[in-house]
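Structure assessment
As a plain string of letters, each chain reads:
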Amino acid sequence: MQPFAYTRAADPAMAVRAARDAGRRGEAVPFPGHAGAPGQFLGGGTTLLDLMKLDVMRPALLVDINGLGAGPAGRISAGPDGLRLGAMATMAETEAHEAVRRDYPVIAQALAQAASPQLRNMARLGGNVLQRTRCAYFRNTSWPCNKRRPGSGCAAIGGQNRQHAVLGTSEQCIASYPGDFANALLALDATVEVLGPQGARSLPMARLHRQPGERPDVETDLQPAEMITAFTVPAAPRTRRSLYLKIRDRDSYAFALASAAVVLDLADGRVRGSGIALGGVATIPWRAVHAEEVLLGRPLTERSAEEAAEAAFALAIPREHNAFKLDLGRQCLVRALLQAAELEVRG
Amino acid sequence: MNRPVPEPKANMGAAVPRRDARLKVTGQARYAADFAVAEPAHAVLITSSIARGEVTRLELDAAKAVPGVLEIFTHENIGEIAEEAFFGAGGTAANSLRPLAGPEVRYAGQIVAMAVADSLEAAREAAGKVEVVYRSETPTAGFDDPGAETKPVTEVDESHEDPRTGDAQQAYDSAAVTIDQRYTTPTQHHNPMELYSTTAVWEGDRLTIYEPSQWVWGLKHGVARQLGLDPAQVRAVSPYVGGAFGGKATVTPRTAIVALAARRLKRPVKLVVTRDQGFTTASYRAETRHRVRLGADRDGRLLSYMHEGWELTSRMDPYFNAGTDNTVHMYDAGTVWTRVNIVTADRNTPGFMRSPPEVPYMYALEAAMDELAVALRMDPVELRRRNDTMKSPISGARYTSRALMQCYDEAASAFGWAKRDPAPGAMRDGDWLVGWGCATASYPTQMSPATARIRLQPDGTARVQVAAHDLGTGAYTVIGQQAAESLGIAVDKVAVELGDSDLPPGPVAGGSVTTASVCSVVKLACERINRRLGGTGRRPPLDLKAAFEDFGQAVIEDYAEWSPPAIGPAGPRAMYKGGLKIVGGPMDDKLMFAFGAEFVEVRVHRRTREIRVPRITGAFAGGRIVNPRTAHSQYLGGLVWGIGSALHEATEIDRRAARYVNDDIAEYLIPVNADIGEVQIIMVPEEDAEVNPAGVKGIGELANVGTAAAIANAVYHATGIRVRELPIRLEKLLA
């Protein structure tokens, strides 16, 4: 762990300014991506501090934004237009929120199955979607890793890669995205609100994370000193017919081997629309667009669910230890779809 | 979760609460790293990122420039550390490589440097700035990698003999029903909750080491030899240990390095090893392979038992478990053939980990027994019954007691085994496939010499002193109970002092010897006091005050030594020199074992194949149970551990680099509360006056034996898929 400066921000604009100035003060920004920026926001710190202790992240300045939790950034509001989740709300309070549980069960379930209660009490929503991979080669600086040190190589390809991704990979990186909550947001067509040095902007959740491609070090669309302030989810009748299924090696406190966030719009026994996002199998929260297309207009049966799952993994690339994720991912999705179809949804 | 306090049955003591419970839950129990020492310097290790080769250059300038850094210790400046023999060769060391002896790297994660600074922060920063340049050779990671060398144990250890009897091959060839299968167990790490740590404090030429230890007298003598000191100059202190499981039994390389650093810097040095460095600087259970062949007649009588084992070890030391020494006595096999091999690779030397020989070898045998039962179309309990025995098929030596079938009967009845449909996949609950399986648990009853000093006063207060160890097992409590019972005083009037090498030597907390050995010596010491006060050995004086008046002094103190007859009086004398001797299990004339039977229900999801264990029932017979409450905890912890070793635990190795990859407890999985359903424990009363004066069989390492087999057998019953490689992860059950 290396020394760093620390400051507290009283409001979002001040936080952004402080993070921006960290970049100006220091030398050239080591990497263009958000995660490599010299100024980092400190929320719950459940990923950031962990990676700093491992020397994987070496920010020059931590801008503590926990004070923002008392303001709008910490608020959860639900109304006829939809749901608004302040980025500084904790995972625990979001999971416990009555409207979230009733109208957006996929969010509550994804959060409840993530991490441990202690971590969920600490972690904030904004930081949670930015959680970085658990790839062991990324987390230990003595291995080559294109995500940590671009151009150094990928030790996971050809190494121990049971946890790694089969979708959205490149020859530069196969690290899996470890989170759960982001998959729920993705399936719900959420929007991300961002504040940065250039002001406020918003982008669809589907554009937040970037596949590794040639630049695995650039993980998101966020620019240095940009901060997520909120997530919004549009209201729709189908959000109640939603769930999160997570398959893992043990029953709690484990990352997904495969998970599925499913939002289903059923009318007259047919699928009028759906949102499907997969976790544990991809480099980013993964929208299974092809699976959604397969289901459109068809009754949700074991057969259509299996065809959808087949489509979801058609382009998957297995590695030495993770080939099982194709089969597991398919079975997980089939199970989630059938379960969602059977949900009793009121009004 | 509230659990009722277990009711004592026949030959069981009172279920008194653990005497250190309140201290521990209120944070008052002081663990090694908690001792306040004056102005300690803080140390952080730098470990090798290669497994084989040498350090060619150490760039230390940047590290030394960190404000507060006192020194970076390397092989170039640490000073002389003498060789200490590997524990398997009569010494105390975890491996025979001298710490920081030179540039050579023999295994990944070997200590190559240690940064010491005024603050932990500075030491950590400096450690991150040490640049180590290596010349690296391609290492051999394990069994299947080029360069792995296989040798029969008989070639590397003259005293080892593979147990055999009769012509097992011929009996196997002519048997009506046979099983020939291979099983593997993975690399595992202890990961005790309390991290490994060492604090070294010099006062003049006297060294005090605060370190979590299962063997303070071994630590004292081992470090004295490494540093060329008189053992009287060294004291090892370890009153509480936050889990050990064998990982804290031997002298690991860090201790001498920290002690020398403290001497050089003339101030105490404290090192708390990080979780990931604990994977490579301490000890572990190495991977094993087995080929088991069983031959039986149509009635299920075992005609032939053949078992070959392969155990991974380092290039440095021929560590082996040879669990066949015990498994050959489990059943009434007509003929037996065994062979154990070691396979050397570029890895650290493995060591003891909870039930070292039994966990892998009993897993293989009990999984094969289930396969045999299926081949015979026989109930697996009935197969064990038909092969139950009261004597060794090898030597004819008799069991001093063996309650295996009572355990099976009680556990089967409590579990509801009679309702089992034997056909695989026949029992379902919605989308979940249900499987029931069982297996035998056993652990040799072992003893070590022990000494103890006891002081008694007229008001009925007493103090027991012995350098034994409480690893969280309840040793303080049961030793206090033994003294109270033997002296006829209240248990809360007995103070117990453990875990300090200034106390009379006690046994290593290994091999489940502590209760049997220490209660035996405490009993002897108490009996001497009783006699001196006018009672008989077994019976304390009726009126203690009057007895003291006759005695003429206000306090009485006595000291006793006890040694298992097979070791004799030389045992305690050797302990004063840091010696270690454990006997028991299979002896020439008798077999001493504790037994158990375990029944498990598993559920496997039809589609996604995750495996859950909603309930497990174990029945155990372990001689005299001094305290049913702490015994219950040991059994409970053992079963939970067993579930983990079946389904979760495995250290993953990058074969190219011979390095561990999942070296933290987020990725090295052990069960969490959510994984543990109903755990039912039945203590079967058993009396065995022959094993030792206390009548105690060690039980700490009993319940986690066989559990992996019971679960594997249940998974087969649920799915029809026989997984022979642990751990059983869901991918092995996906079509």
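As a reminder, the structure under discussion sits directly above these lines.
So, here is what we can say about the structure in this document.

Rules used throughout
- Residues numbered from 1 in each chain as written.
- Chains lettered and ligands numbered in written order.
- Predicted model: local features only at pLDDT ≥ 70, side-chain atom pairs only at ≥ 80, totals over all residues.
- Heavy atoms only, no water.
- Helix = DSSP H or I, 4+ residues; strand = E, 2+ residues; numbered from the N terminus.
- Rg over C-alpha atoms; globule rule 2.2 N^0.38 Å.
- Buried < 20%, exposed > 50% of the residue type's maximum accessible area, 1.4 Å probe, protein only.
- Contact = heavy atoms within 4.5 Å.
- Areas by Shrake-Rupley, 256 points an atom, 1.4 Å probe, with all protein chains shown as cover.
- Pairing = 2+ DSSP bridges.
- Phe/Tyr/Trp six-rings, centres within 6.5 Å; stacked < 30°, edge-to-face > 60°.
- Lys NZ or Arg CZ within 6 Å of the ring centre and 35° of its normal.
- Buried area = accessible area lost by both parts, 1.4 Å probe.
- Salt bridge = Lys/Arg side-chain N within 4 Å of Asp/Glu carboxyl O.
- Polar contact = N/O pair within 3.5 Å; in protein donor to acceptor, adjacent residues only side chain to side chain.
- Lys, Arg positive; Asp, Glu negative; His and termini not counted.
- Axes fitted to C-alpha atoms, helices over the stretch in contact; angles between N-to-C directions.
- Parallel < 35°, antiparallel > 145°, perpendicular 65-115°, else oblique.
- Left-handed = near helix turned anticlockwise from the far one by under 90°.
- Nonpolar A, V, L, I, M, F, W, Y, C, P; charged D, E, K, R; others polar.

This part takes up the overall build of chain B. If you tally the helices and strands in chain B, you get 18 helices and 30 strands. Expected size for 735 residues packed as a compact globule is a radius of gyration near 27 Å; at 26 Å, chain B falls within 12% of this value. Taken along the three principal axes of its C-alpha coordinates, chain B extends 75 × 75 × 50 Å. Residue burial in chain B is summarised as follows: out of 735 residues, 65% are buried.

Further remarks concern the overall build of chain A. Secondary structure summary: chain A contains 11 helices and 12 strands in total. Each of the three principal axes of chain A carries a C-alpha extent, and together these read 60 × 50 × 35 Å. Taking all contacts inside chain A whose residues are at least 6 apart in sequence as the whole, residues at least 24 apart take part in 64%. Only carbon and sulfur atoms are counted for the fraction: they give 50% of the accessible area of chain A, which is about 13600 Å².

Now for the pairing of strand β9 (residues 197–203) of chain B. All names here are of chain B. Burial of β9 is extensive: 6 of the 7 residues sit out of reach of the surface. Bridge analysis of β9 against strand β12 (residues 269–272) gives 4 bridges, and the strand direction is antiparallel. Counted as the bridge partner of A200 is V269 from β12. Across 5 bridges, the pairing between β9 and strand β10 (residues 206–210) is antiparallel. By the bridge assignment for β10, E203 is matched with R206.

Let us look at the packing of aromatic side chains. Residue and element names in this part refer to chain B. Tallied over the full model, the rule gives 24 aromatic pairs over all chains. Seen in terms of ring centroids, Y183 and Y363 are 5.9 Å apart; in terms of plane orientation they differ by 85 degrees. Their pairing is edge-to-face. With a gap of 180 residues between them, Y183 in strand β8 (residues 177–185) and Y363 in helix α10 (residues 358–376) connect regions that are remote in the sequence. No difference in accessibility class separates Y183 from Y363, as the two residues are buried. Within the aromatic cluster, the residues linked to one another by ring pairs are Y408, F415, W417, W436 and F599. Between the NZ or CZ atom of R354 and the centre of the ring of W641, over which it lies, the distance is 5.3 Å. Over the aromatic face of Y399 sits the side chain of R402, whose NZ or CZ is 5.0 Å from the ring centroid.

Cis geometry is found at the peptide bond from L726 of chain B to P727 of chain B, where omega equals -5 degrees. In the Ramachandran plot, Y253 of chain A falls in the positive-phi region, its phi being about 50 degrees despite a non-glycine side chain.

On the chain B side, the residues contacting the 38 residues of chain A number 34 residues. Where chain A abuts chain B, roughly 3100 Å² becomes buried across the two surfaces, and 49% of that area is made up of carbon and sulfur atoms. If you look at where chain A meets chain B, you find 7 salt bridges. A salt bridge links E731 of chain B to R162 of chain A; the shortest N-O distance between them is 2.5 Å. Our count for the contact surface shared by chain A and chain B stands at 19 residue pairs in polar contact (both at pLDDT 80 or more).

Let us look at the environment of V153 of chain B. Residues and elements named next belong to chain B. Position of V153 among the secondary structure elements: in helix α4 (residues 153–156). Residue V153 is classed as buried on the basis of its relative accessible area, which comes to 0%. Separated by 432 residues in sequence, V153 and G585 have C-alpha atoms that sit 20 Å apart. Leaving out residues up to four positions away in the same chain, V153 has contacts with H160, F320, V340, N341 and I342.

Here we come to the pattern of salt bridges. Summed over all chains, the structure comprises 80 salt bridges over all chains. Between E302 of chain A and R607 of chain B there is a salt bridge, and its shortest N-O distance comes to 2.8 Å. Here E302 of chain A, found in helix α10 (residues 302–312), pairs with R607 of chain B, found in the loop between β26 (593–605) and β27 (611–621), and the two come from separate chains. Residue D500 of chain B pairs with R235 of chain B through a salt bridge whose shortest N-O separation is 2.5 Å. Placement of the pair is D500 of chain B in the loop between β22 (494–497) and α14 (514–532) and R235 of chain B in strand β11 (residues 234–237), with a sequence separation of 265 residues.

For T239 of chain A, the location among the structural elements is in the loop between β8 (227–234) and β9 (242–247). Residue classification places T239 of chain A among the buried positions, given a relative accessible area of 5%.

Here we come to the sheet that holds strand β2 (residues 53–59) of chain B. Residue and element names in this part refer to chain B. In spatial order, the strands read β4-β2-β6; together these 3 strands make up an open sheet with antiparallel pairing. Across the chains shown, the open sheet's two edge strands, defined by having one partner strand only, are β4 (104–105) and β6 (131–136). Where β2 and β4 come together, 2 bridges link them in antiparallel fashion. Within β4, the position partnered with G53 by the bridge is V105.

Following the sequence through the fold, R659 of chain B ends up in strand β29 (residues 659–660). One buried charged side chain, R659 of chain B, makes no salt bridge at all; its nearest oppositely charged neighbour is D663 of chain B, positioned 6.4 Å away. A polar side-chain atom of R659 of chain B sits 2.7 Å from a polar atom in the side chain of S142 of chain A. Excluding residues that lie within four positions of it along the chain, R659 of chain B makes contacts with N140, S142 and W143 of chain A together with S49, A108, E652, I653 and D654 of chain B.

Okay, the sheet that holds β27 of chain B next. All names here are of chain B. Read across the sheet, 5 strands follow the order β17-β18-β26-β27-β30 without closing on themselves; strand pairing throughout is mixed. Each end of this open sheet is capped by a strand with a single partner; those strands are β17 (427–429) and β30 (678–683). Across the sheet, the mean angle separating the axes of adjacent strands is 25 degrees when strand polarity is ignored. Pairing of β26 with β27 involves 9 bridges; the strand directions are antiparallel. Bridge pairing in β27 places V600 opposite I616. Contacting β18 (432–444), β26, β27 and β30, helix α12 (residues 404–415) crosses the sheet at an angle of about 30 degrees to β26.

Our focus in this paragraph is the packing of α10 of chain B against helix α18 (residues 707–719) of chain B. Residues and elements named next belong to chain B. Running from N to C, α10 and α18 point in directions that differ by 30 degrees, and their axes come no closer than 8 Å. Taken together, the axis directions place α10 and α18 in an arrangement best described as roughly parallel. The two elements α10 and α18 meet at a crossing, and its hand is right-handed. Residues Y363, E366, A367, D370 and V374 of α10 form the contact with α18, whose own contacting residues are A708, A709, A712, N713 and Y716. Taken together, the residues of the contact of α10 with α18 break down into 7 nonpolar, 1 polar and 2 charged.

Next up on the list: the environment of A18 of chain A. Along the chain, A18 of chain A falls in helix α1 (residues 12–25). In the structure, A18 of chain A is positioned 23 residues away from F41 of chain A in sequence and 9.6 Å away in space, judged by C-alpha atoms.

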